[in-house]
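Coordinates in review
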Amino acid sequence: MALRGVRVLEMAGLAPAPLCGLILADFGAEVVRVDRSPRAAVSSDVQGRGKRSLALDLKQPRGAETLRRLCQKADVLIEPFRPGVMEKLGLSPDILLQDNPKLIYARLTGFGQLGKYAKLAGHDINYLAVSGVLSKLGRKDENPYAPINLLADFAGGGVMCAMGIIMALYERTKSGKGQVIDASMVEGTAYLSSFLWKSQAIGLWNRSRGENLLDSGAPFYETYKTKDGKFMAVGALEPQFYKQFISGLGLDDYNLPGQMSFSDWPAMKNMFADLFSKKTQAEWCEIFDDVDACVTPVLAFDAAASHPHNKERGSFLKNDQEEISPRPAPLLSRTPATPSSKRDPFIGEHTEDILLDYGFSKEEISQLHSLKVIEFNKPKSNL
């Protein structure tokens, strides 16, 4: 795989950092999740595929010392804490990069390492708000709404951080040096919205929220409820696709207002909604599946995994627990990702093996265990 041999230490955290580690693991990196609480009953990380778990108490000086030693043999450290936490532990970038000049130290936070909000708590909705993007999301006459926590946490956070790590790894092949990555979810989300910023001048967003072409204002870029309570998604933006869409609805575009007649959009939306309510989702699929009208079914998770298109591409995978999840993307022709099919790791399941791999002796491991700096949690076999 593309990242084979890359050693990653991922400090256990929520949502974005685990996704960052998951991406690296799926594409071949050896990812160790450093769990903060050695006596925690369960892990909150549901993105542990392909990772190993080391249970380490960083609150003890020997715990921080152990992590520092691990970083000397690592390629990447993913750190999701608020600014200052690692410094208090004696694990700042200056110290770790002095130990290992090739280390890539990725700091993934909501507001970044500097700035007025840097040390404040926050969640996806807050980062989305400060990025400016939240102001664009929502229907007419409604409050802005956040699309679950996909944009800031995962896209602006986890994916952007992984991209930064891979760029830093590539640059290291030329310079031989590591560096510090300041991955801010606010800035990552803002960067994702570059199109929104750059397209303001061409009039795409000159109307109020929910009244523009791509924000639910247009009747031909909308979701519609079907007779069986499901939905269809319509994205018939270009004239040629709009013509096919109108034809599929059984309408004659000569008797309709112009596609870009803004004042007629509300009435047209009501008309389309009434038509969609007359047929089931399956019936609409029969009409549109082979037509370039940009009309597709809105699929629930279980339906997405079993949809013919996704099945043909193998877009979803099952692990050995029969859990379904998306296949890693994008596809690489020569070195594709081969994600682990095993269950996610238990906290501390691989503690001893990891420390041995990183050069600790059995005597040192035994001592750390007796001091409760580390914990073993190997599952018992069912015989």
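Our structure's up above, just so we're on the same page.
The structure contained in this document is the topic of the report that follows. (Residues numbered from 1 in each chain as written. Predicted model: local features only at pLDDT ≥ 70, side-chain atom pairs only at ≥ 80, totals over all residues. Heavy atoms only, no water.)

The subject of this paragraph is the overall build of the chain. When you go through the chain residue by residue, the secondary structure sums to 15 helices and twelve strands. Along the three orthogonal principal directions, the C-alpha set of the chain runs to about 85 × 55 × 40 Å. Classification of the 383 residues of the chain by burial places 43% in the buried group. Sequence-distant contacts in the chain: of pairs separated by 6 or more residues, those separated by 24 or more amount to 66%. Carbon together with sulfur atoms contributes 54% to the accessible area of the chain, which is approximately 20,900 Å² in total. (Helix = DSSP H or I, 4+ residues; strand = E, 2+ residues; numbered from the N terminus. Buried < 20%, exposed > 50% of the residue type's maximum accessible area, 1.4 Å probe, protein only. Contact = heavy atoms within 4.5 Å. Areas by Shrake-Rupley, 256 points an atom, 1.4 Å probe, with all protein chains shown as cover.)

One pass over the full model with this rule turns up 18 salt bridges. Among the salt bridges present, the one from K140 reaches E211, with a minimum N-O distance of 3.5 Å. Residue K140 is located in the loop between α5 (124-131) and α6 (150-175), and its partner E211 is located in the loop between α8 (194-198) and β7 (221-225); the two are separated by 71 residues in the primary sequence. A network of salt bridges, in which partner residues are shared, links E79, E87 and R107. (Salt bridge = Lys/Arg side-chain N within 4 Å of Asp/Glu carboxyl O.)

In this section: the packing of α5 against α6. One way to put it is that α5 packs onto α6 with a least axis distance of 7 Å and a crossing angle of 80°. The angle between α5 and α6 falls in the class roughly perpendicular. Contacts from D124, Y127 and L128 in α5 reach L150, L151, A152 and D153 in α6. (Axes fitted to C-alpha atoms, helices over the stretch in contact; angles between N-to-C directions. Parallel < 35°, antiparallel > 145°, perpendicular 65-115°, else oblique.)

With that settled, the discussion passes to a nonpolar patch on the surface. Among the surface-exposed residues, Y117, L120 and V130 lie close enough to one another that they form a single nonpolar patch of about 270 Å² accessible area. By relative accessible area, which is 38% here, Y117 ends up partly exposed. (Patch = residues over 30% accessible without salt bridge, like charges linked within 9 Å, V, L, I, M, F, W, Y side chains within 5 Å.)

Of all five residues in strand β3 (residues 52-56), four are buried; the element is thus mostly enclosed. Direction of pairing for strand β2 (residues 30-35) relative to β3: parallel, over a ladder of four bridges. In the sheet register, V34 faces β3, and the bridge partner there is L54. Sheet topology note: the β3/strand β12 (residues 374-375) ladder contains two bridges and is antiparallel. From the neighbouring strand, A55 faces β12, where its bridge partner is E375. (Pairing = 2+ DSSP bridges.)

Attention now moves to the layout of surface pockets. Using a probe with the size of a water molecule, rolled over the atoms, empty space left in the structure can be pinpointed. Here the largest pocket defines a volume of roughly 1,300 Å³. Considering the residues around the largest pocket, the lining is formed by 43 residues, among which L22, V46, Q47, S325 and P326 are closest to the centre. Among the secondary structure elements, those contributing two or more residues to the lining of the largest pocket are α1 (16-26), α6, α12 (301-306), β10 (316-318) and β11 (324-326). (1 Å grid on protein atoms, 1.4 Å probe; cavity = no way out; pocket = protein on both sides within 12 Å on 5 of 7 lines; lining within 4 Å. Points joined across faces, edges and corners; volume = space filled by probe spheres on them.)

Following A329, the chain continues into P330 via a peptide bond in cis, with omega recorded as 0°. In this fold, P330 is placed in the loop between β11 and α14 (351-357). With a phi close to 65°, D141 is a non-glycine residue in the positive phi region. Structurally, D141 is set in the loop between α5 and α6. A relative accessible area of 75% means that D141 is categorised as exposed.

Our focus in this paragraph is the sheet that holds strand β1 (residues 7-11). Strand order in the open sheet formed by seven strands is β6-β5-β4-β1-β2-β3-β12, and the pairing between neighbours is mixed. What marks the edges here is a single partner per strand, and that holds for β6 (179-184) and β12.

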